[in-house]
Number of protein chains: 2
Amino acid sequence: VTGQVAPQPLSEEQEERIAGQARDLAVGAAQVIPEDGLVEKLRTAEREGRPLRVKLGIDPSGSDLTLGHAVVLRKLRQFQDLGHVAVLIVGDFTGQVGDPTGRTKTRSVLTREQTSRNAATYMEQALKILREDRLELRRNSEWLAGKTLADVLATSRALTVAQLLERDDFARRYRENLPITLMEFMYPMLQGMDSAAIDADFELGGTDQTFNNLVGRTLQKDAGADPQAVLTLPMLRGTDGAEKMGKSLGNFVALNDSPDDKYGKTMSIPDGLMPEWAELCCAWGAAELDEFRETMARKPMDAKRAIARRIVDLYDGPGEAKAAEERFTARFSRHELPEDLPEFTLPAGSADDPADIIAILAATGLAGSKGEARRLLASGGIRLDGDKLPADPAAFTIADLNGKVLQKGKRQAVRLVAKE
Amino acid sequence: VTGQVAPQPLSEEQEERIAGQARDLAVGAAQVIPEDGLVEKLRTAEREGRPLRVKLGIDPSGSDLTLGHAVVLRKLRQFQDLGHVAVLIVGDFTGQVGDPTGRTKTRSVLTREQTSRNAATYMEQALKILREDRLELRRNSEWLAGKTLADVLATSRALTVAQLLERDDFARRYRENLPITLMEFMYPMLQGMDSAAIDADFELGGTDQTFNNLVGRTLQKDAGADPQAVLTLPMLRGTDGAEKMGKSLGNFVALNDSPDDKYGKTMSIPDGLMPEWAELCCAWGAAELDEFRETMARKPMDAKRAIARRIVDLYDGPGEAKAAEERFTARFSRHELPEDLPEFTLPAGSADDPADIIAILAATGLAGSKGEARRLLASGGIRLDGDKLPADPAAFTIADLNGKVLQKGKRQAVRLVAKE
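Engineer: Break down the overall build of chain A for me, citing the residues and quoting the values.
Structural biologist: Counting secondary structure elements, chain A contains 19 helices and 13 strands. Its C-alpha atoms put chain A at 80 × 55 × 40 Å along the principal axes. Per-residue burial for chain A yields a buried fraction of 46% across its 420 residues. Expressed as a percentage of contacts within chain A between residues at least 6 apart in sequence, the contacts between residues at least 24 apart total 70%. For chain A, the exposed surface amounts to about 20100 Å²; the carbon and sulfur share of it is 49%. Each charge class in chain A can be summarised by its mean position, and for the 56 positive and 65 negative side chains these summaries are 2 Å apart.

Engineer: If you had to explain the relation of the copies chain A and chain B to someone new, which residues and values would you point to?
Structural biologist: Take chain A, turn it by 179°, move it 0.0 Å along the axis, and it overlays chain B with an RMSD of 0.2 Å. Taken together, the rotation angle and the small translation identify this as a two-fold axis. The rotation axis passes nearest to the C-alpha of Thr148(A) in chain A, at a distance of 2.1 Å. A share of 100% of interface residues in chain A that are also interface residues in chain B marks the association as one of identical surfaces.

Engineer: Give me the lowdown on unusual backbone geometry, citing residues and values where you can.
Structural biologist: Residues and elements named next belong to chain A. Following isoleucine 33, the chain continues to proline 34 via a peptide bond in cis, the omega torsion being -5°. Positionally, proline 34 belongs in the loop between strand S1 (31-33) and helix H2 (37-48). For arginine 134, which is not glycine, the phi torsion reads 50° and is therefore positive. By secondary structure assignment, the location of arginine 134 is in the loop between helix H5 (105-126) and strand S4 (135-139).

Engineer: Run through the pattern of salt bridges, naming residues and quoting values.
Structural biologist: Under the criterion given, the structure shown has 57 salt bridges over all chains. In this structure, Arg131(B) and Asp133(B) form a salt bridge, with 2.9 Å as the shortest nitrogen-oxygen distance. Residue class for Asp133(B) comes out partly exposed when judged on its relative accessible area of 38%. Arg134(B) is the partner of Asp133(B) in a salt bridge, and the nearest nitrogen-oxygen pair spans 3.9 Å. Three or more residues are tied together by salt bridges with common partners; here these are Arg77(A), Asp81(A), Arg131(A), Asp133(A) and Arg134(A).

Engineer: Describe in detail the interface of chain A and chain B, supporting the description with residues and values.
Structural biologist: Each partner contributes residues to the interface: chain A has 32 residues there, and chain B has 33 residues. The largest per-residue losses of area from chain A upon contact with chain B belong to Leu149(A), Arg157(A) and Leu182(A), which jointly make up 25% of the total buried on that side. Along the contact surface separating chain A from chain B lie ten residue pairs in polar contact (both at pLDDT 80 or more). Sorting the residues of the side of chain A that touches chain B by element identifies helix H4 (92-98), helix H7 (149-156), helix H8 (161-164) and helix H10 (182-197) of chain A as the ones contributing at least two each.

Engineer: Can you break down the packing of H7(A) against H10(A) residue by residue, with the values?
Structural biologist: Residue and element names in this part refer to chain A. Closest axis-to-axis distance for the H7/H10 pair is 11 Å, and the angle between their directions is 95°. Taken together, H7 and H10 sit at an angle that is classed as roughly perpendicular. Contacts between H7 and H10 involve Asp151, Val152, Thr155 and Ser156 from the former and Met186, Met189 and Met193 from the latter.

Engineer: Please provide a residue-by-residue account of the pairing of strand S13 (residues 412-417) of chain B, values included.
Structural biologist: Residue and element names in this part refer to chain B. Bridging between strand S7 (residues 343-345) and S13 involves three bridges; their strand directions are parallel. When the bridges of S13 are listed, glutamate 343 appears paired with arginine 415. Note that strand S12 (residues 405-408) and S13 share four bridges and pair antiparallel. Its bridge partner lying in S13, valine 405 is registered against arginine 415.

Engineer: Can you break down helix H10 (residues 182-197) of chain B residue by residue, with the values?
Structural biologist: All names here are of chain B. With 16 residues, H10 ought to run about 22 Å at 1.5 Å a step, and its terminal C-alpha atoms sit 23 Å apart, in line with that. Along its length, H10 reaches its greatest deviation from straightness, about 30°, at proline 188. Those residues of H10 that fall on the buried side of the exposure criterion are Leu182, Met183, Phe185, Met186, Pro188, Met189, Leu190, Gly192, Met193, Asp194 and Ser195. Directly after H10, the chain includes aspartate 199, whose backbone phi takes a positive value near 50°.

Engineer: Break down the state of the cysteines for me, citing the residues and quoting the values.
Structural biologist: For the structure shown, the criterion picks out zero disulfides over all chains. Considering cysteine sulfurs only, Cys282(B) is the nearest to Cys281(B), which forms no disulfide, with 6.1 Å between them.

Quick notes on the rules
Residues numbered from 1 in each chain as written. Chains lettered and ligands numbered in written order. Predicted model: local features only at pLDDT ≥ 70, side-chain atom pairs only at ≥ 80, totals over all residues. Heavy atoms only, no water. Helix = DSSP H or I, 4+ residues; strand = E, 2+ residues; numbered from the N terminus. Buried < 20%, exposed > 50% of the residue type's maximum accessible area, 1.4 Å probe, protein only. Contact = heavy atoms within 4.5 Å. Areas by Shrake-Rupley, 256 points an atom, 1.4 Å probe, with all protein chains shown as cover. Lys, Arg positive; Asp, Glu negative; His and termini not counted. Charge placed at Lys NZ, Arg CZ, Asp CG, Glu CD. Least-squares fit on C-alpha atoms with pLDDT ≥ 70 in both. Salt bridge = Lys/Arg side-chain N within 4 Å of Asp/Glu carboxyl O. Buried area = accessible area lost by both parts, 1.4 Å probe. Polar contact = N/O pair within 3.5 Å; in protein donor to acceptor, adjacent residues only side chain to side chain. Axes fitted to C-alpha atoms, helices over the stretch in contact; angles between N-to-C directions. Parallel < 35°, antiparallel > 145°, perpendicular 65-115°, else oblique. Pairing = 2+ DSSP bridges. Expected span 1.5 Å × (residues − 1). Bend = angle between axes of the 7 residues up to and from the residue. Disulfide = S-S within 2.5 Å.

Shown next as structure tokens:
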């Protein structure tokens, strides 16, 4: 055993710089574990003259990225801008094995291809936020595919059943007598193995990932490595101001949404959500946030416009932001609908086929769900070509709807088009 | 998908023979799962003109086999005698990985050698009961060492956390907040994988193994194979008549015990234990059991002698049984101690070193534990060279004890000898 060399002390300037960086990185974070993790890891990087390796596991299911995903990506970008390396992990191994329906070889191969496509789609969107240098894209099949049962058993010694059952969703499902397969139960361990495999110094994630991220710490420690620190970010609430932003809830803004959609959806958020969005979606520094807060106190609608402009700005550029704002003003503030409404293709069928207006409202995204569509109709919030629809509208055919404008409140509308 | 061929009906003679065999095999069993498992599996064997594969997992920790182990081995022998194949599984893979202290390479290699030695020791003793033909000895490393993480995940999909937590010891430990490692939690699955790997038709085990054995059924079913039936045997209570027979409790009779020890220990069991031992340890048929019960009703001491004789008989032969009985009678019934007492080597030390009589009583096996040693002394049940020892005997030196006879009650004694 060799004696441990006492770390060389850093200069005052170095310590000051690190303290400043740690403060900036902590902005907007929900939690840093351990508490002094930022300063300690930054010191390590400084002493060892190397960048930190900052891990983020990405969802291989291949959906559109939303402002919710962007929260953690922006934090990752902040690390990159300080010289550190973002290590994105595609869970392709777990994605393939984990598919509960993927029991046959054919299906599994398909999933492998899908995973590749999905990872590409993900990266295409993520690069609206991340920089391409200081970026490592890894697939966890690289190390997990070679693991044996013996490796698994040796690793699993470091975790207990009681610990795993503390994970929120496991705890809930166990309490409610819903099945948790042993396979799912091993997933946190696999994620932890990822951290060990790539020598992560930091792992980022939403607060829903805290448990899994801490497993990484445990396994690194157990393997005699320096455990990663964990930085979690709050779950962004969606445009409804109630639930966390999610694709299934229809309360999202996607990075690939058009500038008009980004602007319009943002203008629809409740005022109470503004501070959260300003902090988590706008990549504003302290001074800009102060200015925003002042505006919000005096002129809340201007503050909301500032958020909407900033969001289009970040993803589509300043020109687009200005244009989107002008179109929005034309369309809604002057109670006019512009000509370039988004089109929605009606379900396939002949002209006389019945068309379910409830389903169409949900499918267009005007309503987040069929339930919400019914509520919107009941409250008189839906118009068809300018006429308010009753709570229980008469049956339409596809021909009835073709070419008409379906409008929700003052701000959102689509032009319905029958399939050719 | 091909249509399933209806099984050919068996002849009346075949059905009768099978029914008879099933009845015999069910004698002494605690449970057969499914209930008609014996008849069904015997029919399968008959139809397919092949022997059944009857699995028994054996303990690779390498202890002496006791009459407790013999209960399940005798049932296995019964299957062999009907033409079926006993498949003994040495858990060498799990033994090596599972050792909680075996974290270094060196230790792991050592354990591999130990496992081999222990398996040899086990077989040497087991062959006092099993026949050498119709016997397959397998190590689970044969199939488990090649398993990958992907295999493990695919298999683990068939099991749920709630099911596994129903296993008695897991349930208890979880309730009492005692740690269960994820590694241990996977063990039932590994045992189940063994059943699938060797195409087991039946698995035998003590009632403490029922849960693990049923996992084998689940995994075979999940893999599309015919699931094994399970036959469990009651846990034999030890010579104290209270706890299940175990090495740590000192209430055991080992297959390698001398004829005198076998005879003497058996004569020490409480009368109430006789029916259980007669059924589980004596390999008696229905007629012999009836005869035994008659004797027990009239002359219990004769019945106990019959059990003791039978046990020596089974493992050491009829000549030894008779001789052991004669020596026992000479020693105890006539209140004399014979010259050929077993010797016990006192702990190393110089002649003047103090000797702890409590520890010696426990180490010789005269007392099952230090606590029992104290109780025996307190009740006046211990003599040194014929003199009753007081509840709190004066301090002895090794010289004091050298050559003396330490005696428990009327039946058991050792000669103490100082180390050369």
